[in-house]
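Spelled out, the chains give:
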Amino acid sequence: MGFGIAALAVAAAFSGSTVTAQASEPLTGSQDESQLDDIVVLGRPLREATVAFIEEVAAPVEGSGAAAWRQTLCIGVGNLQRDAAEQIIERISATAEGLGVRLGRPGCEPRVFITFTIDANETTRAMVASRRREFRLNMSGANRGGRALARFQNTDAAVRWWHVSIPVDIDTGIAANRSPGDEPFQAPPDITSPNDLGDNRRIITGSMLRNDLRDDLAQVIIVVDVDKIGAVTTDQLAAYLTMVALVQIDSEAQPRGYDTILNLFDQPDRAPASLTSWDLAFLSGVYGAEQSQISDEGRLGAVAAAMAHSVRVQQATPRD
């Protein structure tokens, strides 16, 4: 499953010009209370602040955990000059690799597809119309539903995105539900153990505390409206795209006060120059937490605990 060349062709149909990204320049930002020197964020203890931040910015599918890339990641960028496109791909790839994600080889089919356009609403509507099953995968827990898809096609945001995730067995990595197009399962005549079911086996622990499923990202579509990104640098935009490519971010989040690149378009004059320590801690939390808890609160707490641990490790590491 992936957009590949088909999506690129659809997006390219609406952009007749080459986009030139602004060169990176050093920015100076104010030191606000969200800095981590004293492990106090916005006047709150670290753990409380991480929970509040995750509740504000994370957007997992309802009833699911925060999905992460656990299959090979391949990134494609369309309608952008090669040097800027390569800079964005390199930033996302380097961050993903630091989180333990396997990277695809050159020429692989993109699972993260980023396209730049001069009319994002028209582009996204055309993409959804031509590949609707790619967006609304007929599988429980795969996306955020019809209302979210409508917002994806009609927004004034400079950047919009659509995530598809798949619930998989936490031990085997096998999809928990059949995907559209899968062959119907035919059980062997004699079943003596779960292994006789092959890839269709699923072992249930019976625990009321442990969830047997995890959520894996399968595809991310990102559309950038070049008329609305303003005077951001390539470094800033690459960092912002890294966040939405690697984690399910709420498009309506307002993490003001936190030192995060996610404020790039809401507070451009105060936005950091790149990913911050807080951003990297959040990514480490999502990718480092097991999220095997049954409840949404338990999974969120696991990510918050892993994020807080990452912050403490950063603080304990000597700075140059």
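These numbers were taken from a predicted model, which means no experiment stands behind them. (Residues numbered from 1 in each chain as written. Predicted model: local features only at pLDDT ≥ 70, side-chain atom pairs only at ≥ 80, totals over all residues. Heavy atoms only, no water.)

**Observations concerning the overall build of the protein chain**
Let me state the cut-off plainly: Helix and strand assignments follow DSSP, with helices taken as H or I runs no shorter than four residues and strands as E runs no shorter than two, numbered in order from the N terminus. Exposed residues in this analysis have more than 50% of their type's maximum accessible area, buried residues have under 20%, and partly exposed residues fall in between, with area computed by a 1.4 Å probe over protein chains only. Should any heavy atoms of two residues lie within 4.5 Å, those residues are considered in contact. The method behind every accessible area is Shrake-Rupley, applied with a 1.4 Å probe, and residues are considered shielded solely by the protein chains displayed.
Secondary structure assignment for the protein chain yields nine helices and six strands. Across the 320 residues that make up the protein chain, the buried fraction comes to 47%. For the protein chain, restricting intrachain contacts to residue pairs at least 6 apart in sequence, the fraction spanning at least 24 positions comes to 79%. On the protein chain, roughly 15,800 Å² of surface is accessible, and the fraction owed to carbon and sulfur atoms is 47%.

**Examining empty space enclosed by the protein**
So the rule is basically this: Lining residues are defined by having an atom within 4 Å of a point belonging to a cavity or pocket. Those points lie on a 1 Å grid over the protein atoms alone, cavities being sets where a 1.4 Å probe fits but cannot get out and pockets being open sets with protein on both sides within 12 Å along at least five of seven lines. Grid points are joined across faces, edges and corners, and a volume is the space filled by probe spheres set on the points. Three classes are used: nonpolar for Ala, Val, Leu, Ile, Met, Phe, Trp, Tyr, Cys and Pro, charged for Asp, Glu, Lys and Arg, and polar for all others, with Gly counted as polar.
Overall, the coordinates contain one cavity of 30 Å³ or more when judged by the stated rule. In this structure, the largest cavity occupies an estimated 50 Å³ of space. Lining of the largest cavity is provided by Gly-65, Ala-66, Ala-67, Arg-70, Leu-213, Arg-214, Asp-215, Glu-290 and Gln-291. Each residue belonging to the lining of the largest cavity can be placed in one class, and the counts come to three nonpolar, two polar and four charged.

**Comments concerning the sheet that holds strand β5 (residues 159-169)**
Rule in force here: Strand pairing is defined by DSSP finding a minimum of two bridges between the two strands. Inter-axis angles, ranging from 0 to 180 degrees, are taken between N-to-C directions of lines fitted to C-alpha atoms, where helices are fitted over the stretch in contact.
Pairing in this open sheet of four strands is mixed, and the strands run β3-β4-β6-β5 from one edge to the other. Edge strands, defined here as strands with exactly one partner in the open sheet, are β3 (75-78) and β5. Here the strands of the sheet are splayed against their neighbours by 15 degrees on average, with no regard to which way each runs. As paired elements, strand β4 (residues 112-117) and strand β6 (residues 213-225) share six bridges and run parallel to each other.

**Notes on the nonpolar core**
Counted only if it meets this: To qualify as a nonpolar core, a set must consist of buried Ala, Val, Leu, Ile, Met, Phe, Trp, Tyr and Cys residues joined through side-chain atoms within 4.5 Å.
Ile-114, Ile-222, Leu-241 and Phe-282 are the most contacted members of the largest nonpolar core, which totals 65 residues. Mapped by element, the contributors of at least two residues to this core are α2 (46-57), α3 (82-98), β4, β5, β6, α7 (234-246), α8 (277-288) and α9 (296-316). When residues in this core are grouped by element, the largest group, nine residues, is from α7. In this view, Leu-241 contacts Ile-88, Ile-92, Ile-114, Phe-116, Val-159, Ile-222 and Val-224; residues no more than four positions away in its chain are not counted. Of all hydrophobic cores here, the second largest spans 16 residues; its members include Trp-162, Val-164, Ile-166 and Val-223.

**A few points about helix α4 (residues 120-130)**
Going by this rule: Starting at the helix axis, one direction is taken to each C-beta atom, and the arc is that of these directions.
Taken together, the buried positions of α4 are occupied by Ala-120, Asn-121, Thr-123, Thr-124, Met-127 and Val-128. End-on view of α4: buried residues confined to an arc of 165 degrees, all on one side of the axis.

**Structural notes on the pairing of β5**
Counted residue by residue, β5 has 11 buried out of 11 residues, so it is predominantly covered. Across 11 bridges, the pairing between β5 and β6 is antiparallel. Looking at β6, one finds that Asp-169 is bridged to Leu-213.

Treat this as a map of the structure, not an account of what it does.
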